[in-house]
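Here's the letter readout for the chains.
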Amino acid sequence: MLKRQLSDFGIRPALGIGLLLAGFSGFSFYLFLKLTVAPWLYMLLALSLVSRLSETGRNTFLRLIFKRADYVRIRLAENGLTVVPFVVFLCCKSVLPVAVLLAVLAPLLSLVRINIPAAVAFPTPFYKRPFEFIVGFRARAGLFVVAYGLTAIAVIYQNFNLGIFSLILVFTVCLSFYNQPEDVFYVWMYRLTPNGFLWHKLKTAMLYAGILSLPVALALLVYFPAHMLITAGFLLLGYVGLLTVLLAKYSSYPQQMNLPQGILLALGLMMPPFLLAIVPFFYTQSVKRLKALLG
Amino acid sequence: MIIIEQLSKAYGFRQVLSDIDVRFEPGRVYGIVGENGSGKTTLFKCMTGIEQYTGTITAGLSPLKDHTGYLQTEPAYFSKITGREYIRLLCQARGKDPGDIDGKNIFDLPLGRYAATYSTGMKKKLALMAILLQENQYFILDEPFNGVDIQSNIIITAIIRQLKQLGKTLIISSHIFSTLSDICDEIHLLQGGQFIKRVYEDGFDELEQEMKALFIGNRIAALELK
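Residues numbered from 1 in each chain as written. Chains lettered and ligands numbered in written order. Predicted model: local features only at pLDDT ≥ 70, side-chain atom pairs only at ≥ 80, totals over all residues. Heavy atoms only, no water.

Undergrad: Where do I start with the pairing of strand 1 (residues 2-11) of chain B in this structure?
TA: Residues in a regular strand project their side chains so that they alternate between the two faces of the sheet. Residue and element names in this part refer to chain B. As paired elements, strand 1 and strand 2 (residues 14-24) share seven bridges and run antiparallel to each other. Residue pairing for strand 2: Lys-9 is matched across the bridge by Leu-17. Bridge analysis of strand 1 against strand 4 (residues 54-59) gives five bridges, and the strand direction is antiparallel. When the sheet's bridge partners are listed, Ile-3 is paired in strand 4 with Thr-58. (Pairing = 2+ DSSP bridges. Helix = DSSP H or I, 4+ residues; strand = E, 2+ residues; numbered from the N terminus.)

Right, here's the structure in full:
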């Protein structure tokens, strides 16, 4: 699946896996450098990844096509392999108790099937402007609970870096709402020009990302007033990132983002001054792409 | 009114539609029939502007897409959006207030549930309800009766008649000939990417017999059923 996704992205699987490993290592080092609670956070992250493999529909399918023993072996292998990079990194950082706990918990999770009643929809504050935030929030509500929980811990233990990490987490999750192009029908149906459509999407993204980041931002501003400028800076960065990702999505629409666009996006997010050139480029490309559907 | 002139569409070397000329008047219901792959859905996609094409399409209300309710053969739904939210999304896209959505729920759909979990027929009814609340002038309904229960079938037929009374233009495709012969003013037979026949109400029976002869022929005999 990963190989296919990388190929769709226009990248050779070997190179893609190399880049993913490099990104994973960079993220891990940064996390452990900045946060004292990094090992526990790291374990939570690994388990949340593993839990996605326990989804009922997926497991029902596997059970239908494989014998019971093969199914158990496959699920154990899946969960085990998923946490290997995390366990290795935890060992490298000499956090052995957490590494062992993760190595035990991950296979055990393969015996659990997460059965969230698919038809039950919980309300969201985003009903007025469907669809990205409604769908995204429902799909990743757990991550927002984690982010707000970390904010509370940051306030209790006066750890500003952890608070900033929560803010980054909120925006990163919001960015992920825009990683898949929607069916063309959902663009075609708008009685808007390409410019109008993009502004509508941008306004929605800004408003709703504001609602989701508000609890974290307020907590940081109230409890860490000395770092007000840094908080404001990260908020601004989050908004700019959101704007860029949204435009990047429509700059290749209805196709998925390709490699050159992905590189440009990554460059812009890592070195924000480049965004001054990248954002207008994505905007122009988006208008061009949307013209075919919106006229 | 919608006027289509010299409309052609090809995917690479494969010609799907060739020189389509047709006119759709207000207050009339048009049926499009043809085998699978004859180009019905492609024609609809060209009319809506979802697919690029050569030729011209002109309409009384322009741009056509902003006044068209398009019911797809298989409406695509997001995984975690409820029926009510779906209707709001489609109405919002056209700048319309859906009003009391629950009060207008004539199909008794479970609007609080995720639309993606609906049955085929329920998905169709939800999509139809949404485009009706958009208050369109033109309706392109690709297989509106597919998978729909008999009660809803009757309701959809009544809705189509009501829309006709209101002076709307309706273009409908269906694989069930009787549903079209009940509601259409004209039926166009699409074959090999071209309209090969246009029939008015008084010729529907004859068309049905011709289609049976054309599509069945001696194919059943070839099965050598025992």
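Undergrad: Before we go on, may I ask you to explain the packing of helix 12 (residues 228-251) of chain A against helix 13 (residues 259-270) of chain A in this structure?
TA: Residue and element names in this part refer to chain A. Interaxial distance between helix 12 and helix 13 falls to 11 Å at its minimum, and their mutual angle equals 170 degrees. Classified by the interaxial angle, the pair formed by helix 12 and helix 13 is roughly antiparallel. Along the contact surface, helix 12 presents Gly-241, Thr-244, Val-245, Ala-248 and Ser-251, while helix 13 presents Gln-261, Leu-265 and Leu-269. Split by residue class, the contact of helix 12 with helix 13 holds four nonpolar, four polar and no charged. (Axes fitted to C-alpha atoms, helices over the stretch in contact; angles between N-to-C directions. Parallel < 35°, antiparallel > 145°, perpendicular 65-115°, else oblique. Contact = heavy atoms within 4.5 Å. Nonpolar A, V, L, I, M, F, W, Y, C, P; charged D, E, K, R; others polar.)

Undergrad: What's the story with unusual backbone geometry in this structure? I'm lost.
TA: Negative phi is the rule for most residues except glycine; trans is the rule for most peptide bonds. Across the junction of Pro-130 of chain A and Phe-131 of chain A, the peptide omega takes the value 20 degrees, indicating a cis bond. Locating Phe-131 of chain A in the fold gives a position in the loop between helix 6 (96-109) and helix 7 (132-139). For the bond from Ser-62 of chain B to Pro-63 of chain B, the omega torsion is -10 degrees, close enough to zero to count as cis. As for its position among the elements, Pro-63 of chain B is in the loop between strand 4 and strand 5 (68-71). Unusually for a residue other than glycine, Gln-158 of chain A sits at a positive phi of about 50 degrees. Of note, Gln-158 of chain A is situated in the loop between helix 8 (141-156) and helix 9 (160-176). We note that Gln-6 of chain B has phi near 55 degrees; this positive angle belongs to a residue other than glycine. By the secondary structure assignment, Gln-6 of chain B is in strand 1. A relative accessible area of 44% places Gln-6 of chain B in the partly exposed class. (Buried < 20%, exposed > 50% of the residue type's maximum accessible area, 1.4 Å probe, protein only.)

Undergrad: For this particular structure, what's the right way to read the sheet that holds strand 4 of chain B?
TA: Picture the strands of a sheet paired through backbone hydrogen bonds; they go either parallel or antiparallel. Residues and elements named next belong to chain B. Judged by pairing direction, the sheet is antiparallel, and its three strands sit side by side in the order 2-1-4 without closing on themselves. The sheet is open, and its two borders are formed by strand 2 and strand 4, each paired with just one other strand. Ignoring strand direction, the axes of neighbouring strands in this sheet form an average angle of 20 degrees. Strands strand 1, strand 2 and strand 4 of the sheet are contacted by helix 1 (residues 40-48), whose axis makes an angle of about 120 degrees with strand 1.

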